[in-house]
Amino acid sequence: MSSAVADHHSQSPSLEEMREERRLEREKLRTSKFDLVTSLFTALILFIGTFVLMLFIVWLTSRMSFPPQAIKPIIENPAGRGENAEGFERDFEPPGAEEVEELMEPTLQDTIEAVTDAVSNVAATLDTMNTNATASTTGTGKGDSRPPGPEGEGEDIIPRFERWQLNFSAKALKDYAAQLDFYEIELGAIGGSIQGVDVANNLAGSPKSRRIVDTKSEKRLYFMWTSPSPLMQFDRQLLQKAGVQLANRQMMKFIPTNLENQLAHIELEYATAKGHPSVTEIAKTIFESTADGNSYKFEVVDQRYRKPRK
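Residues numbered from 1 in each chain as written. Predicted model: local features only at pLDDT ≥ 70, side-chain atom pairs only at ≥ 80, totals over all residues. Heavy atoms only, no water.

**Structural notes on the sheet that holds strand S2 (residues 186–191)**
Moving on, step 1. Reading across the sheet, the five strands line up as S4-S3-S2-S6-S5 and stay open at both edges, with antiparallel pairing between neighbours. Looking at the sheet topology across the chains shown, the edges are occupied by strand S4 (208–212) and strand S5 (221–224). This sheet shows a mean twist of 30° between the axes of neighbouring strands, independent of strand direction.
Moving on, step 2. Summarising the sheet, S2 and strand S6 (residues 249–255) pair through six bridges and their orientation is antiparallel. Looking at S6, one finds that Ile 190 is bridged to Gln 250.
Moving on, step 3. Its contacts with the sheet put helix H7 (residues 231–241) on S2, strand S3 (197–201) and S6, and the angle it makes with S6 is roughly 90°. (Pairing = 2+ DSSP bridges. Helix = DSSP H or I, 4+ residues; strand = E, 2+ residues; numbered from the N terminus. Axes fitted to C-alpha atoms, helices over the stretch in contact; angles between N-to-C directions. Contact = heavy atoms within 4.5 Å.)

Structure below.
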């Protein structure tokens, strides 16, 4: 019996042997230099892969084009008196010549004809008729209360071509041309001995021109210079660069439909913020083109309002 117990104690591991075994096991669990290098390279590969993926996404989105959302147009239907004489009521009988002053706004066709034809003063003679009627130029009619413009019923609105003013700020020709191209504004010239309208675009690059003979088909809003400005010389240089003849001709700017809609929204938002929520209350709106990062935008710099009619 005693010999068996001794054998059992001799076969059981000693405390020193158990400590050695645990030490060896810990050595096996320690991170080796090989594992450190492998982990470093794995993390580096993951970082480079993520960075390349982000660059690819940026490149892909830059190649994709997202069309701008269409702006709902603000349709205006201003009333006009056409060829009727100016007055303060709706009367089929026109007032006399001494009672009114013609304030007709010319159409594009009328402007072309007015510029093309030379103006001459011709003396007229009046034949006296043998009648008992009293000679007078004073009529009994009260004229037409509608504002100038094509004849038609509509709202009492000052037309956009009359109430809008577009200002540009540019010190150099290149900057001015870049603004016009950004807004897709085209320059034009009418009158002289040339029939139709010459229009130029791609102004910041190599300006190209084309001629519109059928002026009635041109429905875009346009503006002409009403007072001298340093930018007039820029317009002249750009049109001449496009090969457009300017002798005895008037220069003009054609506004694309999408820009006209944007200006209408900008104008109405500004007026609403000032307590005038209807375009019928607006007498004048002055826009100015300003830099907006790498692009441009129009802002309202001044707005005047109409006095309410009694």
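On we go.
**As for the sheet that holds strand S8 (residues 295–305)**
Moving on, step 1. If you trace the three strands from one edge of the open sheet to the other, you get S1-S7-S8, paired in mixed fashion. Strand pairing shows two members of the sheet lacking a second neighbour, strand S1 (164–167) and S8, which therefore form its edges. Each neighbouring strand pair of the sheet contributes to a mean axis angle of 20°, computed without reference to strand direction.
Moving on, step 2. Alignment of S1 against strand S7 (residues 282–292), held across four bridges, turns out to be parallel. When the sheet's bridge partners are listed, Trp 164 is paired in S7 with Thr 285.

**Observations concerning the packing of helix H6 (residues 173–183) against H7**
Moving on, step 1. Relative to each other, H6 and H7 sit at 75°, their axes nearing to 10 Å. Our classification of the angle between H6 and H7 gives roughly perpendicular. Residues Leu 173, Tyr 176, Ala 177 and Leu 180 of H6 form the contact with H7, whose own contacting residues are Leu 231, Phe 234, Asp 235, Gln 237 and Leu 238. (Parallel < 35°, antiparallel > 145°, perpendicular 65-115°, else oblique.)

**Considerations on the pattern of salt bridges**
Moving on, step 1. Evaluated as defined, the whole model comprises 14 salt bridges.
Moving on, step 2. Among the salt bridges present, the one from Glu 267 reaches Arg 163, with a minimum N-O distance of 2.8 Å. Of this pair, Glu 267 sits in helix H8 (residues 257–273) while Arg 163 sits in helix H5 (residues 160–163), placing them 104 residues apart in sequence. Considered together, Glu 267 and Arg 163 belong to a single accessibility category, that of buried residues. (Salt bridge = Lys/Arg side-chain N within 4 Å of Asp/Glu carboxyl O. Buried < 20%, exposed > 50% of the residue type's maximum accessible area, 1.4 Å probe, protein only.)

**Considering the environment of Ala 283**
Moving on, step 1. Mapped onto the fold, Ala 283 is located in strand S7.
Moving on, step 2. The exposure class assigned to Ala 283 is partly exposed, which follows from its relative accessible area of 24%.
Moving on, step 3. Sequence-distant contacts of Ala 283, defined by excluding residues within four places in its chain, comprise Ile 158, Arg 163, Arg 304, Tyr 305 and Arg 306.

**Thoughts on the side chain of Asp 198**
Moving on, step 1. Within the element layout of this structure, Asp 198 appears in strand S3.
Moving on, step 2. At a separation of 2.8 Å, a polar atom in the side chain of Asp 198 contacts the side chain of Arg 249.
Moving on, step 3. Each residue touching Asp 198, except ones within four places of it in the same chain, is listed here: Leu 187, Gly 188, Ala 189, Arg 210, Arg 211, Val 244 and Arg 249. (Polar contact = N/O pair within 3.5 Å; in protein donor to acceptor, adjacent residues only side chain to side chain.)

**Here we look at the UniProt feature "transmembrane region" (unreviewed entry) in the chain**
Moving on, step 1. Mapped onto the present numbering, the UniProt feature "transmembrane region" (unreviewed entry) falls on residues 36–60.
Moving on, step 2. Regarding residues 36–60, the helix share stands at 100% and the strand share at 0%, and the terminal C-alpha atoms are separated by 36 Å. (UniProt positions renumbered as here; feature names shortened; annotations may be inferred.)

**Notes on the pairing of S8**
Moving on, step 1. Across 10 bridges, the pairing between S7 and S8 is antiparallel. Directly across from Thr 290, in S8, lies its bridge partner Lys 297.

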